[in-house]
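# Descriptive structure summary
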Amino acid sequence: MLRAGLSVKTLWQLMEMKTKTCLKVHGRMADLQHAMGAFRWMSSVRPAPVLTAAPVRALIDEQISIKGRFLPPNSPITLCSRMHSEDGDLWEAFAHYNTDASGSFSLTSDRSVGGSYTGCEPMGLFWGLHPPPGSREGLRLRKRNVETPYTVHVSLLKGHVSPSGGPITELAAVTTERSYMAPGVRRIDIRQNGIVGTLFLPPGPGPFPAMLDMWGMGGGLNEYRSALCASRGYASLSLAYFEHKDLPGPLRELNVGNEYFKSAFRLLQDHPQIVAERVGIVGLSFGVYLTLNLATQPGINPSCLICINGPMGRSHFLPGDKGEVKYWNYDERGYIAFRQISLPSNMAPEYKVKMEKINCPLMYIIGEDDLSSASTENADQIEEELRAAGKSHLFTRLSYPGAGHLIEPPYAPNARVTMWRIKPEKMVALFGGYDAPHAAAQEDAWRKILCFLESNLRG
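The model shown is predicted, which means the values in this text are computed figures rather than measured ones.

Let us now look at the overall build of the protein chain. Helix and strand counts for the protein chain come out as eight helices and 21 strands. Of all 459 residues assigned to the protein chain, the portion counted as buried reaches 53%. On the protein chain, roughly 20300 Å² of surface is accessible, and the fraction owed to carbon and sulfur atoms is 53%.

Moving on, we get to the sheet that holds strand E18 (residues 362–367). Within a sheet, neighbouring strands are paired by backbone hydrogen bonds and run either parallel or antiparallel to one another. Sheet architecture is open: eight strands sit in the order E10-E11-E13-E12-E14-E15-E18-E19, paired in mixed fashion. Two strands lie at the open edges of the sheet, namely strand E10 (186–192) and strand E19 (395–400), each paired on one side alone. Geometrically, the sheet is characterised by an average inter-axis angle of 20° between neighbouring strands, direction not taken into account. Alignment of strand E14 (residues 274–284) against strand E15 (residues 305–308), held across four bridges, turns out to be parallel.

A separate point is the nonpolar core. In this structure, Leu 51, Ile 66, Leu 79, Ile 306 and Ile 365 are the most contacted members of the largest nonpolar core, which totals 74 residues. Residue contributions to this core peak at eight residues, all from helix H8 (residues 435–458). Sequence-distant contacts of Leu 79, that is, excluding residues within four places in its chain, are made with Leu 51, Ile 66, Ala 93, Phe 94, Ala 95, Tyr 97, Phe 105, Leu 107, Leu 125, Val 154, Ser 155 and Leu 156. Core analysis: the second largest hydrophobic core is formed by 51 residues, Ala 235, Val 288, Met 355 and Phe 395 among them.

Next up on the list: the confidence of the model for the protein chain. Mean pLDDT over the protein chain: 89, with 88% of residues reaching 70 or higher. Across residues 1–9, where pLDDT falls below 50, the model places six contacts with residues more than four positions away in sequence or in other chains. In the model, residues 18–39 has pLDDT below 50 throughout and makes twelve contacts with residues more than four positions away in sequence or in other chains.

Another point: helix H7 (residues 375–388). Here H7 is 14 residues long and its end C-alpha atoms lie 20 Å apart, about the 20 Å a rise of 1.5 Å per residue gives. Taken together, the buried positions of H7 are occupied by Ser 375, Asn 378, Ala 379, Ile 382 and Leu 386. Considered in projection along H7, the buried side chains sweep an arc of 100° and stay on one side of the axis. Those residues of H7 that are buried lie in contact with helix H6 (286–295), E18 and E19. Looking one or two residues beyond H7, the residue adopting positive phi is Gly 390, at roughly 75°.

The next point concerns helix H4 (residues 224–231). Extensive coverage of H4 is indicated by the burial of eight of its eight residues. Every buried residue belonging to H4 is among Tyr 224, Arg 225, Ser 226, Ala 227, Leu 228, Cys 229, Ala 230 and Ser 231, and all of these are buried. Looking one or two places after H4, you find Gly 233, whose phi comes out positive at around 100°.

Take the side chain of Thr 418 next. On the secondary structure map, Thr 418 appears in strand E20 (residues 417–421). Thr 418 gets classed as buried once you look at its relative accessible area, which sits at 4%. Reaching out from Thr 418, the side chain makes a polar contact with the backbone oxygen of Gly 138 at a distance of 3.5 Å. The residues contacting Thr 418, other than those within four sequence positions of it, are Gly 138, Arg 140, Met 427, Val 428, Ala 429 and Phe 431.

Of the pairings in the sheet, the one linking strand E12 (residues 208–214) to E14 comprises six bridges and is parallel in character. Residue pairing in the sheet places Met 214 in a bridge with Gly 283 of E14.

This part is about the packing of aromatic side chains. Taken as a whole, this structure holds eleven aromatic pairs when the rule is applied. A centroid spacing of 6.5 Å and a plane angle of 65° characterise the contact between Tyr 150 and Tyr 180, whose relative ring orientation is edge-to-face. Of this pair, Tyr 150 sits in strand E8 (residues 150–158) while Tyr 180 sits in the loop between strand E9 (170–179) and E10, placing them 30 residues apart in sequence. Each member of the pair, Tyr 150 as well as Tyr 180, carries the same accessibility label: buried. Among the aromatic residues, those joined into a cluster by ring pairs are Tyr 150, Tyr 180, Trp 215 and Tyr 224. Here Lys 143 stacks its cationic end above the ring of Tyr 150, 5.3 Å away from the centre of that ring. The ring of Tyr 234 has Arg 458 sitting right over it, with the charged end atom 4.4 Å from the ring centre.

Relative to the assigned elements, Leu 51 resides in strand E1 (residues 50–54). Sequence separation between Leu 51 and Leu 156 is 105 residues, and the spatial gap between their C-alpha atoms is 7.0 Å.

Once that is clear, we can look at the sheet that holds E9. Taken together, six strands build an open sheet; the order of strands is E2-E9-E8-E4-E5-E7 and the sheet is mixed. Because the sheet does not close on itself, it has two edges, and the strands there are strand E2 (57–59) and strand E7 (114–115). Inspection of the sheet shows strand E4 (residues 76–84) paired to strand E5 (residues 90–98) by nine bridges, in the antiparallel sense. From the neighbouring strand, Arg 82 faces E5, where its bridge partner is Glu 92.

Attention shifts here to the packing of helix H5 (residues 258–270) against H6. For the pair H5 and H6, the least separation of the axes is 10 Å and the interaxial angle reads 80°. By the angle class used here, H5 and H6 are roughly perpendicular. Facing H5, whose interface residues are Asn 258, Phe 261, Lys 262 and Phe 265, H6 presents Leu 290, Asn 293 and Leu 294.

Our focus in this paragraph is the environment of Arg 225. Among the secondary structure elements, Arg 225 is positioned in helix H4. The spacing of Arg 225 and Met 181 is 44 residues in sequence and 9.7 Å in space, taken between C-alpha atoms. Arg 225 has contacts with Asp 213, Met 214, Trp 215, Val 282, Leu 284, Ile 308, Pro 409 and Trp 446, leaving out every residue within four places of it along the chain.

Cut-off values and rules
Residues numbered from 1 in each chain as written. Predicted model: local features only at pLDDT ≥ 70, side-chain atom pairs only at ≥ 80, totals over all residues. Heavy atoms only, no water. Helix = DSSP H or I, 4+ residues; strand = E, 2+ residues; numbered from the N terminus. Buried < 20%, exposed > 50% of the residue type's maximum accessible area, 1.4 Å probe, protein only. Areas by Shrake-Rupley, 256 points an atom, 1.4 Å probe, with all protein chains shown as cover. Pairing = 2+ DSSP bridges. Axes fitted to C-alpha atoms, helices over the stretch in contact; angles between N-to-C directions. Core = buried A, V, L, I, M, F, W, Y, C linked by side-chain atoms within 4.5 Å. Contact = heavy atoms within 4.5 Å. pLDDT = per-residue confidence, 0-100. Expected span 1.5 Å × (residues − 1). Arc of directions from axis to C-beta. Polar contact = N/O pair within 3.5 Å; in protein donor to acceptor, adjacent residues only side chain to side chain. Phe/Tyr/Trp six-rings, centres within 6.5 Å; stacked < 30°, edge-to-face > 60°. Lys NZ or Arg CZ within 6 Å of the ring centre and 35° of its normal. Parallel < 35°, antiparallel > 145°, perpendicular 65-115°, else oblique.

Written out as structure tokens, the structure is:
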């Protein structure tokens, strides 16, 4: 029972003073810190610690506000996030915080003093996720089934601890869901006229502006950027063109040409729920070359282009040709950097896109620590050629120090090193980037991409 007129905080302070006095009287000063520490965490007067996340369910590019209350004042705590990938691998991050005088904390305003990241990073528990020591080599977190969310468990722990440092005391927890598909977004498999892809349509009847979405030479069909674009109001076709079972074989060779990409673009234009005059193209890595090349093809008039860390042409060798190996560089661990192969100086003139044929706004995004593509050199060359053609007004450059190759939608963990392939031989690739600056780049670039699309596909 609380004494009339006394708050929980006041009563706690009185009990603390009484405890200190008793210990001093009996000469047990050595026990003071231990006794008060136990009282702080075990008091039956104060409510149990509470950890909240708002919103609990959100799109992957939305910030979550994580807060804690009813903790001892000015005390050390640890926050730990854990999730399992679709392959069953554990990913985790942790950060050390200190509660304020009221026994509360907020990741939106408070600073981490150690762990997976430091400083005020409201989403650090998400972009800071990494496989724990002893995990499989070269893991990269990629969403394959975009119709289900990531589920991330966030724990509040007593003291400044490491999740792998032995027994821990979990004081509170909350589970969050992170999605690429908003409610009402429609996912449609495309297997027509030889085209292999997935079309995402926003909720409602449309018609919608649209994007053709192309990734790099990792191959397969990556849907998550397209799903998120549709969640933001843009129809998007994620297009497979390399190493997919439904494409002409063999798998490790590029077996489709210009007509394939032109057909994919026209599929979007001809769709009854898409505005034919408002279709753009986005490409990452080798997808940048495909984006630029497609934009110069007769009869293809995109409204805008977004290029992320990729080349303006290709070398003498198509992907899969053995001759390209001479451009690979290995570090002391045997990991491969592909950067040299995409230097403009290693491209014959006939394999470079004629930039003077570009007639729409072009945003080029650079990770300055990109170890997989010579992004800065390609951006310089593109900008120079557009200027020479009197089209410099079409070019927008975003350049991010410390960011690597895979600039993806925000709050995804960076993969500085990733498994490139396992068969016929294991190959680990260097993509570059450092966690905090790469995370900042993803957040800023995505915000500016959405503004760019708003101006050029809706404006």
